[in-house]
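# Observations on chain architecture
Below are the chains, spelled out letter by letter.
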Amino acid sequence: MKVVIDSAIPYIRGILEPFAETLYLEGGKFTREVVADADALIIRTRTQITESLLEGSKVSFIATATIGKDHIDETYCQRRAIAVSSAPGCNARGVLQWVAGVLHHITTTEHRSPESYTLGVVGVGNVGSLVANYARHWGFKVMECDPPRQEREGGDFSSIEEIVRNADIITLHTPLDDSTRHLINNNTLAMMRPETIVVNASRGGVVDNDAVLKSGHRYIYDVWEGEPNLKDEILKGAMLSTPHIAGYSIQGKANATAMCIRALATHFDLPLKEWYPEEITPTSPRLISWEELCSTITDHIDIIRESEVLRSNPTQFEALRNSYAFRQEYF
């Protein structure tokens, strides 16, 4: 068996070698020739899984160490009976803590308390539900928008129109698909109050970056349209900017790698179905107070410094992302 692995995935080297021939490559260097004789691929978002890449190959299994799968042509994979596995929820607490850093920055800059804000959470899955629960605990008034969940469950969800009209801060945690592409656009921006802040840690394409810039609304992005190639004016206009690292925590990365290895082990019946990096201690979840958060968050994620680094090195987006020092989750 041969497995081709994105070389930026941590904690994985040496794990599959007893069971398979392994090849490690940068995510953008997966070619048709390289994968032709591979049985499995373990990738990140930088590898686009298309028919042109896979046609004629032996690949029967693909694992992506990411929550989203919009970089994978799942229709083609289904037609070819190629199993696809992702890592939903793997870095939810890492993203939560990035959002916490954003909220701390906004409230501190504006000299306001959480109770004075309405936070609109769009996409209430693994990440969004954590953000909503913690934000309520910290005192924010929270509105939640998740049409698929509302259709399945009913409940007290708000429409996107209600969110954009009433929220002071809108934080996005949706997958990218036809229903969410440019969810924040000229129409939704026109409904917002001028002071509303747009926060995106989901996928770049969920927000029409050009429309937000032209609208004059403030915005904070971890994900960007066209990344890793950023438009100078979009980057310069951001309140805060980070290079797609919101979920880059030690535990989040360990979880993602473990989910990939376990899924591959299940597919190929390998004795790694319960594997987890032995050097990593999983997070012990806890609710922390707003006061504790304010006194500790910059020790764990200094979002102002990280923003300044990206702003000073806009052409180094990918290098900054790949060399990022994973953060320790602490709640």
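In this report, we go over the structure that sits alongside the text. Starting from 1, residues in each chain are numbered consecutively following that chain's sequence as written. Residue-level local features of this predicted model are given only where pLDDT is at least 70; pairs of side-chain atoms are given and counted only at 80 or more, and the full residue set underlies all totals for whole chains, interfaces and linings. Working from all heavy atoms in the structure, the side-chain values ignore hydrogens and water.

Here a cavity denotes a set of grid points, spaced 1 Å apart and computed over the protein atoms alone, in which a 1.4 Å probe fits but from which it cannot get out, and a pocket denotes an open set meeting protein on both sides within 12 Å along at least five of seven lines; residues with an atom within 4 Å of a point are reported as lining. Grid points are joined across faces, edges and corners, and a volume is the space filled by probe spheres set on the points. The volume enclosed by the largest pocket comes to roughly 1000 Å³. Ile-67, His-173, Thr-174, Pro-175 and Ser-202 are, among the 49 residues lining the largest pocket, the residues nearest its centre. Each helix is a run of DSSP H or I of at least 4 residues and each strand a run of E of at least 2, with the numbering of both proceeding from the N terminus. Put simply, the parts of the chain that give the lining of the largest pocket at least two residues each are helix H5 (126-138), helix H6 (147-153) and helix H11 (250-268). Each residue is assigned to one class: nonpolar for Ala, Val, Leu, Ile, Met, Phe, Trp, Tyr, Cys and Pro, charged for Asp, Glu, Lys and Arg, and polar for all the others, Gly among them. Partitioned by chemical class, the residues of the lining of the largest pocket number 22 nonpolar, 18 polar and nine charged. What lines the second largest pocket is a set of 17 residues, among which Arg-46, Asp-70, Leu-176, Arg-203 and Glu-227 lie closest to the centre. Counted by class, the lining of the second largest pocket contains four nonpolar, seven polar and six charged residues.

Relative to the elements of secondary structure, Ile-301 occurs in the loop between helix H12 (290-300) and helix H13 (303-312). With sequence-adjacent residues up to four places away left out, Ile-301 is seen in contact with Gln-97, Trp-98, Glu-306 and Arg-327. For this analysis, residues touch if any pair of their heavy atoms sits within 4.5 Å.

A few words now on the pattern of salt bridges. Throughout this description, the term salt bridge denotes a Lys or Arg side-chain nitrogen within 4 Å of a carboxyl oxygen of Asp or Glu. Applying the stated criterion across every chain, the model contains 19 salt bridges. Between Glu-227 and Arg-46 there is a salt bridge whose closest N-O contact spans 3.3 Å. Within this pair, whereas Glu-227 is found in the loop between strand E10 (218-221) and helix H10 (232-237), its partner Arg-46 is found in the loop between strand E3 (40-43) and helix H2 (51-54), the two being separated by 181 residues in sequence. To sort residues, take the accessible area from a 1.4 Å probe on protein chains only and compare it with the maximum for the residue type: under 20% means buried, over 50% means exposed, and anything in between is partly exposed. The buried category is assigned to Glu-227, whose relative accessible area is 16%. On the basis of relative accessibility, which here comes to 18%, the residue Arg-46 falls in the buried class. Lys-273 serves as the salt-bridge partner of Asp-269, at 3.0 Å between the closest nitrogen and oxygen. For Asp-269, a relative accessible area of 61% translates into the label exposed. Several salt bridges share partner residues, and in doing so they unite Arg-46, Glu-227 and Glu-318 into one network.

A separate point is the nonpolar core. Definition used in this section: a nonpolar core is a set of buried Ala, Val, Leu, Ile, Met, Phe, Trp, Tyr and Cys residues joined via side-chain atoms within 4.5 Å. By size, the foremost hydrophobic cluster in this structure holds 41 residues, and its most contacted members are Trp-98, Trp-138, Phe-140, Leu-293 and Phe-331. Where this core is concerned, the elements lending two or more residues are helix H4 (92-110), strand E6 (118-122), H5, strand E9 (197-200) and H12. Ranked by residue count, the leading element in this core is H4, at nine residues.

This next bit is on the sheet that holds strand E5 (residues 83-85). On the basis of which strands lie adjacent, the open sheet formed by five strands has the order E2-E1-E3-E4-E5 and parallel pairing. The outermost strands of the open sheet, each flanked by one partner alone, are strand E2 (21-25) and E5. Neighbour-to-neighbour, the strand axes of this sheet turn through a mean angle of 15°, independent of strand direction. Of the strand pairs in this sheet, strand E4 (residues 61-64) and E5 are connected by three bridges, and their pairing is parallel. Opposite Ala-63, over in E5, you have Ser-85 as the bridge partner. A pair of strands is considered paired only if DSSP assigns at least 2 bridges between the two. The axes are straight lines fitted to the C-alpha atoms, using for helices just the contacting stretch, and the angles between their N-to-C directions are given from 0 to 180°.

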